[in-house]
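One letter stands for each residue in the lines below.
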Amino acid sequence: MVIESFEEDGKYTAARRYTTYLKAFFTWCQKSKQSYLPPGPLPTDEIELEKPDDNSRDRWLSEQEILLYWEAAERLESPYRQFHQLLLLTGQRRDEIRTMMRKDVSTRIVGHGDYQIEIAAWVLQDNKSNREHLIPLNELALGILRDIPDGNYYFSFTGKSPFTTIHKSKQLITDAMEKVAVEKGLDKPAPWTIHDIRRTFTTHIRRLRVAQDVTDRLLNHALNGVTSKHYDMHEMAEEKVEAMNIWSNYLKNLLHEQPDNVIPMEKRDYHSTYKVS
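Residues numbered from 1 in each chain as written. Predicted model: local features only at pLDDT ≥ 70, side-chain atom pairs only at ≥ 80, totals over all residues. Heavy atoms only, no water.

Enquirer: Residue-level account of the overall build of the protein chain, with values.
Expert: In terms of helices and strands, the protein chain carries eleven helices and three strands. Taken over 277 residues, the protein chain has a buried fraction of 49%. Once local pairs closer than 6 in sequence are excluded, the contacts in the protein chain between residues at least 24 apart make up 64%. A total of about 14800 Å² of accessible surface is found on the protein chain, and carbon and sulfur atoms cover 51% of it. (Helix = DSSP H or I, 4+ residues; strand = E, 2+ residues; numbered from the N terminus. Buried < 20%, exposed > 50% of the residue type's maximum accessible area, 1.4 Å probe, protein only. Contact = heavy atoms within 4.5 Å. Areas by Shrake-Rupley, 256 points an atom, 1.4 Å probe, with all protein chains shown as cover.)

Okay, structure coming up:
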């Protein structure tokens, strides 16, 4: 949906403006002599826009807030629980995760020549950038996906179609975060949006010294410049694998779990091999 895509990109003013235009259009359709729409609720009545505390686009979750977010997600029912966890684990757009299908998760061989590794990957064919997008899945992400009942769609109540109650899921985790904060004697988190989780992922992996170009590929940002668009065909699959393992290990440390493949930050080798089993 166009309005949801605006929200995903943090363009809240544009989302509100287009909602206003659509509401005016549907109202005209309903009141016109031709009666293009029957009396009753308008299609726009079901649109619930996220309401950030201001128009800034710099909100991201601190480590303490990540802990609150994760514990709050653990208290939600499936598929809301896993949906919010995958938002943080992968940094992908909310509707790409919401509509994630089992057929798009498989084992892939990445690399070239003698340097090849087998990884578990989620491959997005239909996405905002109109090109194949490979997201390596670390063990933490795979464990969450394995916990979801069988079905064509991962985040579904029926398995046959993705859930559509995105705003309900956001309200549920917001309420749960506030409850966890109160239980721990902490201040309630400042208002945040689902898009801020994508920004949280980006901010923290950059703090973990994942290179900007690798981060851009993980986020599936549009390629800029003649070289990137037309000449550089390197997909950075190996670099993305390592970046996702670094992020997974960081979260495991934060959540007080035993990490895998841990390399001290000052000794990290971006050319080392990681296999996501």
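Now that the structure has been shown, the text picks up again.
Enquirer: Any chance you could break down the nonpolar core for me, citing the residues and the numbers?
Expert: Counting residues in each nonpolar core, the largest one holds 56 residues, and the members touching the most others are Tyr 69 and Phe 155. Elements with a contribution of two residues or more to this core: helix H3 (63-74), helix H4 (80-90), strand S2 (115-124), helix H6 (139-146), helix H7 (166-183), helix H8 (194-207), helix H9 (212-219) and helix H11 (237-254). Aside from chain neighbours lying at most four places away, what touches Phe 155 is Pro 79, Gln 82, Phe 83, Leu 86, Ile 97, Arg 98, Met 100, Leu 145, Ile 148, Ser 161, Pro 162 and Phe 163. Ranked by size, the runner-up nonpolar core spans eight residues in total, among them Ala 121, Val 123, Leu 134 and Ala 237. (Core = buried A, V, L, I, M, F, W, Y, C linked by side-chain atoms within 4.5 Å.)

Enquirer: Give a detailed account of the environment of Glu 178, specifying residues and quantitative values.
Expert: In this structure, Glu 178 sits in helix H7. On a C-alpha basis, the gap between Glu 178 and Tyr 69 in space is 9.4 Å, while along the polypeptide they are 109 residues apart. Those residues in contact with Glu 178 that lie beyond four places of it in its chain are Lys 188 and Pro 189.

Enquirer: Hey, could you go over H8 for me, with residue numbers and the actual values?
Expert: Look at H8: 21 Å from first C-alpha to last across 14 residues, which is about the 20 Å you get at 1.5 Å a residue. The buried fraction of H8 amounts to eleven of the 14 residues, a majority that puts the element mostly inside the structure. (Expected span 1.5 Å × (residues − 1).)

Enquirer: Run through unusual backbone geometry, naming residues and quoting values.
Expert: With an omega dihedral of 10°, the bond running from Ser 78 to Pro 79 counts as a cis peptide bond. Structurally, the position occupied by Pro 79 is in the loop between H3 and H4. The backbone phi angle of Arg 209 is positive, close to 70°, even though this residue is not glycine. With a phi close to 60°, Asn 220 is a non-glycine residue in the positive phi region. Tracing the backbone shows Asn 220 in the loop between H9 and helix H10 (226-231).

Enquirer: Can you tell me about the environment of Leu 86, naming the residues and giving the values?
Expert: Within the fold, Leu 86 resides in helix H4. You can call Leu 86 buried: its relative accessible area is 0%. For the pair Leu 86 and Leu 145, spaced 59 residues apart in sequence, the C-alpha separation works out to 8.7 Å. Every residue in contact with Leu 86, bar those within four places of it in the chain, is listed here: Gly 91, Ile 97, Ala 141, Ile 144, Leu 145 and Phe 155.

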